Amino acid sequence: MTGRIAGKVAFITGAARGQGRSHAVRLAQEGADIIAVDVCGDVGRTSNFYAPATDEDLAETVRLVEKEGRRIVAYKADVRDYEALEAGLAAAVEELGRLDIVAANAGIFQFGDDVQDIRVGDWADVIDVNVTGVFNTCKAAVPHLIRGGRGGTVVITSSDAGTKGFARFGHYVTSKHGVIGLMKSLTMELAPHSIRVNVVSPTNCNTDMIQNDAVWRLFRPDRENPTAEEFAEASSTLLALPAPWVEPVDVSNAVLFLASDEARFITGVNLPVDGGSAAI
């Protein structure tokens, strides 16, 4: 099956690499043109945990989408900066002519402290990117969807941490619970416009966000310098299926499904992409 979203335009935040890049390429493969945004730089102390995306990463997303024969408009903005985010989106919609799909994917992960030990600035950074950034994305994009008069879809990225508790990253857990609540409100508000709103909730996903020494040590505190194999062993305990994590394309396929007419009566749901993590 091809062309499932042919002729549509998708706006993807956090598109320089990881799940965001995967979403851009997968949606382009099925016929969508892409609006891609990323901050391409440090956010607070997040780079103490893993390296940030770069300008070169965003350029690679552009190359990969164009390789699929689709148009792409890419720009740099911080999802915490509503004015910059909205201005770039408005210019891109003007260039591409419409907006149909929103993938509010941008997010950061910090970890390692009990709640009482989380730095105030770290709490603010995680909540501001993961919750306020999603709010800003929806606030900027929804008017374009409504004006288009063709309906549309919003897919917000949460996490298996959006429905259960995990120790030592309470700010991330809180943020991922929060966007599920935002989805539920948007579902009710946008249904009269035939705009569907859903959440995808991955478990550990094979991106730079987890494939780094800091996360490996988080999962294997019994090892001073855990190996990739030791991390995989620990990560596999999150899934019911026999795998250590999901791949970005697994999440992208869920986003594609929710954006397609195959899901035309699916709205207000949290779709786990977690290998059964929610059942454990």
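See the structure above.
Model, not experiment: these values are computed from the prediction. (Residues numbered from 1 in each chain as written. Predicted model: local features only at pLDDT ≥ 70, side-chain atom pairs only at ≥ 80, totals over all residues. Heavy atoms only, no water.)

1. Remarks on the layout of surface pockets
For the second largest pocket, the calculated volume is near 210 Å³. Lining of the second largest pocket is provided by 14 residues; of these, Lys8, Arg150, Gly151, Gly152 and Asp261 occupy positions nearest its centre. Looking at the lining of the second largest pocket residue by residue, the class counts come to 2 nonpolar, 5 polar and 7 charged. (1 Å grid on protein atoms, 1.4 Å probe; cavity = no way out; pocket = protein on both sides within 12 Å on 5 of 7 lines; lining within 4 Å. Points joined across faces, edges and corners; volume = space filled by probe spheres on them. Nonpolar A, V, L, I, M, F, W, Y, C, P; charged D, E, K, R; others polar.)

2. Quick look at helix α3 (residues 82–96)
If you check α3, its first and last C-alpha atoms are 21 Å apart, about what 15 residues at 1.5 Å a residue would give, namely 21 Å. Every buried residue belonging to α3 is among Leu85, Gly88, Leu89, Ala92, Val93 and Leu96, and all of these are buried. For α3, the buried positions fall inside an angular range of 135 degrees around the axis, keeping them on one side. Turned more than 90 degrees away from the buried face of α3 sit Glu83, Glu94 and Glu95, all of them exposed. (Helix = DSSP H or I, 4+ residues; strand = E, 2+ residues; numbered from the N terminus. Expected span 1.5 Å × (residues − 1). Buried < 20%, exposed > 50% of the residue type's maximum accessible area, 1.4 Å probe, protein only. Arc of directions from axis to C-beta.)

3. Here we look at the pattern of salt bridges
If the charged atoms of two oppositely charged side chains come close together, the side chains can form a pair. Within this structure, the stated rule accounts for 17 salt bridges. Notably, a salt bridge pairs aspartate 261 with lysine 8, separated by 3.9 Å at the nearest N-O pair. Here aspartate 261 is found in the loop between α8 (248–259) and β7 (270–273), whereas its partner lysine 8 is found in the segment before β1 (9–13), with 253 residues between them in sequence. Owing to a relative accessible area of 54%, aspartate 261 belongs among the exposed residues under this scheme. Residue aspartate 222 pairs with arginine 220 through a salt bridge whose shortest N-O separation is 2.8 Å. In this structure aspartate 222 comes out as partly exposed when scored by relative accessible area, which is 48%. Residue arginine 220 is classed as buried on the basis of its relative accessible area of 11%. Linked through salt bridges whose partners overlap, the residues forming this network are Arg220, Asp222, Arg223, Glu230 and Glu233. (Salt bridge = Lys/Arg side-chain N within 4 Å of Asp/Glu carboxyl O.)

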